[in-house]
Amino acid sequence: SVNSTKISGSASTTGSFGTLNLGSTSPNIDFFAPANDPAAIRFTEGGTSLTELTYDGSHLRLKSNYANRDIFLDTPNGDLMIDSTNGNVGIGTTSPNRLLTLVGSTAAMNIDSADNAFIHLDRGAVNDIGEIVFRTAGANKWFVGMTDAGNYSDGSEFYIGESSGASGNRHFLIDTSGNIEFQAANAKISGSATSTGSFASAFFADSVGIGVNPAAN
């Protein structure tokens, strides 16, 4: 039975009610059984369904039904949120700017598999970008990935450089035939997969490192 202050019944009591009012004359929590969902709890505001927690026999689903009502999962040591406007997920941030954004003093991702482990970057076409960007304090520093046909060549090469899509400042390139190219400032070294030869001058130095005379192209 339900009255203004309590819900009561025996262990074998069965029955149903449409709406449960908690401290309000306006219903704000519904226990209901919608089509195809055996059990659900719905949170409403002014008669509008905002959030539903449902179980369909296989999955427990938390669903936001209303624009600008984000979903948060809060813990003492970190939060997760889903932005209702774009579906972006933020861990450690309430303003995720990508499909998944991690923010923290040590924002790290660990992939630990007892078998195979993969990271796949699958771009849509050769004129799209497929790369990993290394930044310092929000500023782009190095780009590693595949060339973008809209910026350089046919989009099939692997590169390391300082510009997105290999649009400029390319320091290393390798194509699908195994041809390679190194570039430093305005000088470069290039050759095919079967190239042999030598450089006119080279130095194997101390603290400076290893280098090649740019004039010996």
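Residues numbered from 1 in each chain as written. Predicted model: local features only at pLDDT ≥ 70, side-chain atom pairs only at ≥ 80, totals over all residues. Heavy atoms only, no water.

Student: Any details on the overall build of the chain? Residues and values, ideally.
Tutor: Check the secondary structure of the chain and you find zero helices and 16 strands. Per-residue burial for the chain yields a buried fraction of 19% across its 217 residues. Sequence separation of at least 24 residues holds for 5% of the intrachain contacts in the chain that already meet a minimum separation of 6. (Helix = DSSP H or I, 4+ residues; strand = E, 2+ residues; numbered from the N terminus. Buried < 20%, exposed > 50% of the residue type's maximum accessible area, 1.4 Å probe, protein only. Contact = heavy atoms within 4.5 Å.)

Student: Explain the sheet that holds strand β7 (residues 89-91) to me, and be specific about the residues and the numbers.
Tutor: The strands that make up a sheet pair up through hydrogen bonds in the backbone, lying either parallel or antiparallel. Read across the open sheet, the four strands follow the order β5-β6-β7-β8; overall the sheet is mixed. Unpaired on one side and paired on the other, β5 (71-75) and β8 (100-102) mark the two borders of the sheet. Recorded for the sheet is a direction-independent mean angle of 10° between the axes of neighbouring strands. Of the pairings in the sheet, the one linking β5 to strand β6 (residues 78-82) comprises five bridges and is antiparallel in character. Looking across to β6, one finds that Ile-71 is bridged to Ile-82. (Pairing = 2+ DSSP bridges. Axes fitted to C-alpha atoms, helices over the stretch in contact; angles between N-to-C directions.)

Student: Kindly report on unusual backbone geometry, identifying the contributing residues and their values.
Tutor: Its identity as a non-glycine residue notwithstanding, Ala-137 has a phi of 50°, on the positive side. Along the chain, the position of Ala-137 falls in the loop between β9 (130-136) and β10 (139-146). The exposure class assigned to Ala-137 is exposed, which follows from its relative accessible area of 84%. Despite not being glycine, Ser-153 shows a phi value in the positive range, around 50°. The topology assignment puts Ser-153 in the loop between β10 and β11 (158-161).

Student: Provide a residue-level description of the pairing of β10, including the pertinent values.
Tutor: Both β9 and β10 contribute to a ladder of seven bridges, which runs antiparallel. Counted as the bridge partner of Thr-136 is Ala-139 from β10. Linking two consecutive strands that pair antiparallel, namely β9 and β10, is a turn of two residues; a positive phi of about 50° is found at Ala-137 within it. Taken together, the four bridges between β10 and β11 define a ladder with antiparallel strand orientation. Paired with Met-146 across the bridge in β11 is Phe-158.

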